[in-house]
Amino acid sequence: QAASAAFDGGRHARHGESDRELTIGFVGRLETYKGVQTLIEAIQLIPSQTRLRLVIAGVTDDPENLRKIEQAAARESRIELVGPLPHDRIPAFLESLDVLAVPSRWMETGPIVVLEAQAMGVPVMGADLGGVAERIRDGIDGWLLPFDDPRAWAAAMQQAAADPGEGAARAANSVRSRSVGDVAAEMAALYGEIHGRST
């Protein structure tokens, strides 16, 4: 039931409507290194009258961390937990968002969810680390933010909620950057280069 509520709206409701709340979403592992706590701390810094909500989807093998996330959601009505998502539900989840948040606290190598969001025209707020930083053009199709600074995330989230046009402009610039075929070709070329050096 909660998961279906999170998917209400979709692309036709996104961007440019000043009378609706901004929906920021996270999908992935709910481990500390993925940075969900940064988002939770950020939303707690934003005035309660700001029209936004944070939808968190994912699983964890860390029951203590999950308990903390659940406690935070119980205290903050703007946080919604939707639990695990099967892979075939991820497109619908992304479609329901105004912004995808990827606040990883470690060096992601190739964040597939960033590429999926961009292909669907969903701008991304991402941590300024590793592969996440390589996929987002700050100020053009998303936001690059300090990976462990809830105040910076809160400021960006609040600004995006206050100015729907900002998110709409970044959404318009979000395009599919690479396909699976592109990645395969790049990897084949890399392996060929390495093999050539060793002979």
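Throughout what follows, the structure given in this document is the object of discussion. (Residues numbered from 1 in each chain as written. Predicted model: local features only at pLDDT ≥ 70, side-chain atom pairs only at ≥ 80, totals over all residues. Heavy atoms only, no water.)

Comments concerning the packing of helix H2 (residues 36-45) against helix H3 (residues 63-75)
With their axes 11 Å apart at the nearest point, H2 and H3 run at an angle of 20 degrees to one another. Between H2 and H3, the crossing angle belongs to the class labelled roughly parallel. Taken as a pair, H2 and H3 cross one another with a handedness that is left-handed. Taking contact as the criterion, the partners of Val36, Ile40 and Gln44 in H2 are, on H3, Ile69, Ala72 and Arg75. When its residues are assigned to classes, the contact of H2 with H3 shows four nonpolar, one polar and one charged. (Axes fitted to C-alpha atoms, helices over the stretch in contact; angles between N-to-C directions. Helix = DSSP H or I, 4+ residues; strand = E, 2+ residues; numbered from the N terminus. Parallel < 35°, antiparallel > 145°, perpendicular 65-115°, else oblique. Left-handed = near helix turned anticlockwise from the far one by under 90°. Contact = heavy atoms within 4.5 Å. Nonpolar A, V, L, I, M, F, W, Y, C, P; charged D, E, K, R; others polar.)

Points about the sheet that holds strand E4 (residues 99-102)
Sheet architecture is open: six strands sit in the order E3-E2-E1-E4-E5-E6, paired in parallel fashion. The open sheet has two edge strands with one neighbour each: strand E3 (79-83) and strand E6 (142-145). This sheet shows a mean twist of 20 degrees between the axes of neighbouring strands, independent of strand direction. As defined by bridge partners, strand E1 (residues 22-29) adjoins E4 across two bridges and the pair is classed as parallel. Note that in E4 the partner of Gly25 across the bridge is Leu100. Here helix H7 (residues 150-162) sits on the sheet and contacts E1, strand E2 (52-59), E4, strand E5 (124-127) and E6; the angle it forms with E5, its principal contact strand, is near 170 degrees. (Pairing = 2+ DSSP bridges.)

Quick word on the packing of aromatic side chains
The relation between two aromatic rings is expressed through the spacing of the ring centres and the mutual angle of the planes. Going through the model one piece at a time under the given rule, you end up with one aromatic pair. Note on Tyr33 and Trp106: the rings are 4.5 Å apart at their centroids and 45 degrees apart in plane angle, and the pair reads as tilted. With a gap of 73 residues between them, Tyr33 in the loop between E1 and H2 and Trp106 in the loop between E4 and helix H5 (112-119) connect regions that are remote in the sequence. Look at Tyr33 and you get partly exposed, because its relative accessible area is 32%. A relative accessible area of 42% means that Trp106 is categorised as partly exposed. (Phe/Tyr/Trp six-rings, centres within 6.5 Å; stacked < 30°, edge-to-face > 60°. Buried < 20%, exposed > 50% of the residue type's maximum accessible area, 1.4 Å probe, protein only.)

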